[in-house]
Amino acid sequence: MEDEEIHNSECLLEFYPEQCHCWKRIVNCSSQGLQFVPPVSPNVTALYLKDNKIKSLPDGVFRLYQNLEKLFLQNNKLRSITRLTFSGLFSLQMLFLSDNRIKTLKADMFKDLHSLEWLILDNNRVAKIVPGAFKGLKSLYFLYMLNNSISEIPKNSLCIEMPRLNWLDLEGNRMHTIRDSVFQECITVLDLSVNQIVNLPLPLFSNLQELQQLNISSNPLNHILHNQFDFLTNLQSLIMEDIEIPNIHNRMFSSLVNLSHIYFKKFQYCSYAPHVRSCKPNSDGISSFENLLANILLRVFVWVMACVTCFGNLFVICMRSFIVTENLQHALSIKSLCCADCLMGFYLFCLGAFDIKFQGEYNKHAQAWMESWECKLVGSLAMLSSEVSVMMLTYMTLEKYLCIVFPFSHFRAGRGQTLGTLVAIWVLGFFITIIPFFSYDTFGNFYGRNGVCFPLQSDSTEKFGARRYSISIFLGLNLLAFITIVFSYSSMFYSIHKTGAKTAERSVLSREVTIAKRFFFIVFTDALCWIPIFLLKAVSLTEAEIPGTITSWVVIFILPINSALNPILYTLTTSSFQEKLKQCLQSKRHQLQDSGKNFTLVSINTNTA
């Protein structure tokens, strides 16, 4: 459309190449296969020579075009530019040299470009900038040098030679280190992203009091000083994407009082800049910039799972306490299991309550929350519930295994032995839970690594001791318990099947099918709960990126599955409990009927009298 307008409009030039288009004093020779600069009338103001095959620019080739304001030479085959190539272009304001093969910027090559405001050198092969290369660029405002091979910037070559330089883009080069005094106060936008910078000297930004936007993302920085950005008091946007900051601290950003936008690699880093209005990424799938729980489904499910878990287990505890059974030791184990599962429900209630407390402004409180004793307490309760429940299920399974597989053995746990075992399980659970509190240097903030305060996911910033400990729990103790349960129930079913095979009675076969279904659901719910946790922990050890949404659903929904279903599997669906409950209800009904009859007789006697 632009080319058609140029071709059909009035041309104010005396001559220009036939294959080119002219509009007023603008000539467009783009994509014409030119190998040299064609002759044009001296009064030309804009010359489009992009997408051609020009390999060289002779000295003084543009000397006659002193009215030229815009020169477009991108996407040619230029390898070098001499010191006199652009001589005489005193009115030039925009120079585009991107997508060529230029290797060196020589001294004085832009000395006559006093009016130049835009210099675009993207996607070349510039590896060396000779001192004095930018001399004469007194009006330059934008300098773009993306995707070159620059390893070093000469000292005093920027703002001294380009006093009006405002926008400097050095993205995608090969700089390892930068001299302290390279950047001067003239720059307001600086892009150093996608380089090879491993260290930022403390005085590097000391002269950039006017800097408003800084991009240092995608650099292999191994350390950032706490006072690195103290001089950048006018900074409004800081981009640090794809940078690990193991020593991150609130002190790094406290002096950036005008900062409104900040971009990190991880959402967790946002909590160290609570005063910033906008922080990206604004969620890790678990929490968001506004809320402790990232989405509405999590906020609803946390209350649903909390209610189901707590009330189901409390109901079983009450019923087991009022209904006397023959196997008191088993009832004691069930009530102990329910107490452990109730802690998981209490953990979920706490998460829901704190989500409501921080609603709309979570980022302001995120760091304080994850470092608080409340988060540590809530997380330790979840760990205690999980581990005691795992050990309790394993104990109950082994007890049942010995009774079924070895029915004639003399091992039957008495009341004292059962109490001793349950106490030992709880003590071991407490011990597992509190070990991370013993040494901060070894475990770090073990329970406060995310908003839900549960130490399931590992990453590169996790303390070595914490990683080994969590592996030993989730992939050691819990995996061993799961294998034990699967093996025990498989052996029990085989033993029952082997015994049933000796008789052809239909009732035995029916009983065998019922037992098989029950064992299947017990093992299935255990697998549904634990296998995702095993997989998540194993994958996180490879430092692969795991979406926080997966972690949040595992903690809110999958982890409490056993706690919510245990009352149903081990109590409400058992025939013995149902029979006892039915007897209890019938007994109460008979008592009520007897009371009603007695009341009727008394009334009749009274009326007769």
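All values derive from a computational prediction rather than experimental measurement. (Residues numbered from 1 in each chain as written. Predicted model: local features only at pLDDT ≥ 70, side-chain atom pairs only at ≥ 80, totals over all residues. Heavy atoms only, no water.)

A. Here's a closer look at the overall build of the chain. When helices and strands are counted, the chain shows 12 helices and 15 strands. Within the chain, the fraction of its 609 residues that count as buried is 49%. Of the contacts formed within the chain by residues at least 6 apart in sequence, a portion of 58% connects residues at least 24 apart. Within the structure as shown, the chain displays about 29000 Å² of accessible surface, and the carbon and sulfur contribution to it stands at 59%. (Helix = DSSP H or I, 4+ residues; strand = E, 2+ residues; numbered from the N terminus. Buried < 20%, exposed > 50% of the residue type's maximum accessible area, 1.4 Å probe, protein only. Contact = heavy atoms within 4.5 Å. Areas by Shrake-Rupley, 256 points an atom, 1.4 Å probe, with all protein chains shown as cover.)

B. How the structure looks around a positive patch on the surface. There is a patch of like positive charges on the surface, built from K55, R79, K103 and R125. Tracing the backbone through its elements, the reader meets R125 in the loop between strand 7 (118-120) and strand 8 (128-129). (Patch = residues over 30% accessible without salt bridge, like charges linked within 9 Å, V, L, I, M, F, W, Y side chains within 5 Å. Salt bridge = Lys/Arg side-chain N within 4 Å of Asp/Glu carboxyl O. Lys, Arg positive; Asp, Glu negative; His and termini not counted. Charge placed at Lys NZ, Arg CZ, Asp CG, Glu CD.)

C. Up close: the confidence of the model for the chain. Summing up the model confidence of the chain, the mean pLDDT is 84 and the portion of residues at 70 or higher is 84%. Low confidence marks residues 1-8, where pLDDT is under 50. Its contacts with residues over four positions away, or in another chain, come to 11 contacts. (pLDDT = per-residue confidence, 0-100.)

D. The arrangement of the pattern of salt bridges in detail. Overall, the coordinates contain three salt bridges when judged by the stated rule. Measuring nitrogen to oxygen at the nearest pair gives 2.7 Å for the salt bridge that ties D230 to R251. With a gap of 21 residues between them, D230 in the loop between strand 12 (213-215) and strand 13 (237-239) and R251 in the loop between strand 13 and strand 14 (261-263) connect regions that are remote in the sequence. We classify R251 as partly exposed; its relative accessible area is 33%. A salt bridge links K265 to E244; its shortest N-O distance comes to 3.0 Å. Of this pair, K265 sits in the loop between strand 14 and strand 15 (278-280) while E244 is found in the loop between strand 13 and strand 14, placing the two residues 21 residues apart along the sequence. For K265, a relative accessible area of 29% puts it in the partly exposed group. Salt bridges linked by common partners bring E244, K265 and K266 together as one network.

E. Fine view of the nonpolar core. By size, the foremost hydrophobic cluster in this structure holds 98 residues, and its most contacted members are L71, F86, F183, F229 and F253. For this core, the element with the most residues is helix 4 (residues 362-371), which contributes four residues. Not counting chain neighbours up to four residues away, the residues in contact with F253 comprise F229, L238, M240, I248, I262, F264, Y272, A273 and H275. In this structure, A340, A382, L422 and I425 belong to the second largest nonpolar core, which totals 65 residues. (Core = buried A, V, L, I, M, F, W, Y, C linked by side-chain atoms within 4.5 Å.)

F. The arrangement of helix 2 (residues 296-322) in detail. In this model, helix 2 (27 residues) spans 39 Å end to end at C-alpha, consistent with the 39 Å of a helix rising 1.5 Å per residue. Looking at helix 2, one finds that the buried residues are L298, R299, V302, M305, A306, T309, C310, N313, V316, I317, M319 and R320. Between a side-chain oxygen at the N-terminus of helix 2 and the backbone nitrogen of L297 the separation is 3.1 Å; the capping residue is N295. (Expected span 1.5 Å × (residues − 1). Polar contact = N/O pair within 3.5 Å; in protein donor to acceptor, adjacent residues only side chain to side chain.)

G. Helix 4, seen in detail. Turning to helix 4, its buried residues number three or more, namely Y362, N363, A366, Q367, W369 and M370. Buried residues of helix 4, seen end-on, are gathered within an arc of 165° and therefore sit on one face of the element. Facing away from the buried side of helix 4 by more than 90 degrees, the exposed set consists of K364 and A368. (Arc of directions from axis to C-beta.)

H. Local environment of the state of the cysteines. With the rule as written, the count across this model stands at four disulfides. The residue that forms a disulfide with C11 is C22, at a sulfur-sulfur distance of 1.9 Å. Every disulfide takes its handedness from the sign of the S-S torsion; for C11 and C22 that torsion is 75°, giving right-handed. One end of the pair, C11, is in the loop between helix 1 (2-8) and strand 1 (21-23); the other, C22, is in strand 1, and 11 residues separate them in sequence. Owing to a relative accessible area of 24%, C11 belongs among the partly exposed residues under this scheme. Note that C270 is cross-linked by a disulfide to C279, the S-S spacing being 1.9 Å. Given an S-S torsion of about -80°, the disulfide between C270 and C279 has left-handed geometry. For the pair C270 and C279, a shared accessibility class is recorded, and that class is buried. Of the cysteine sulfurs around C318, a residue in no disulfide, the closest is that of C342, at 9.2 Å. (Disulfide = S-S within 2.5 Å.)

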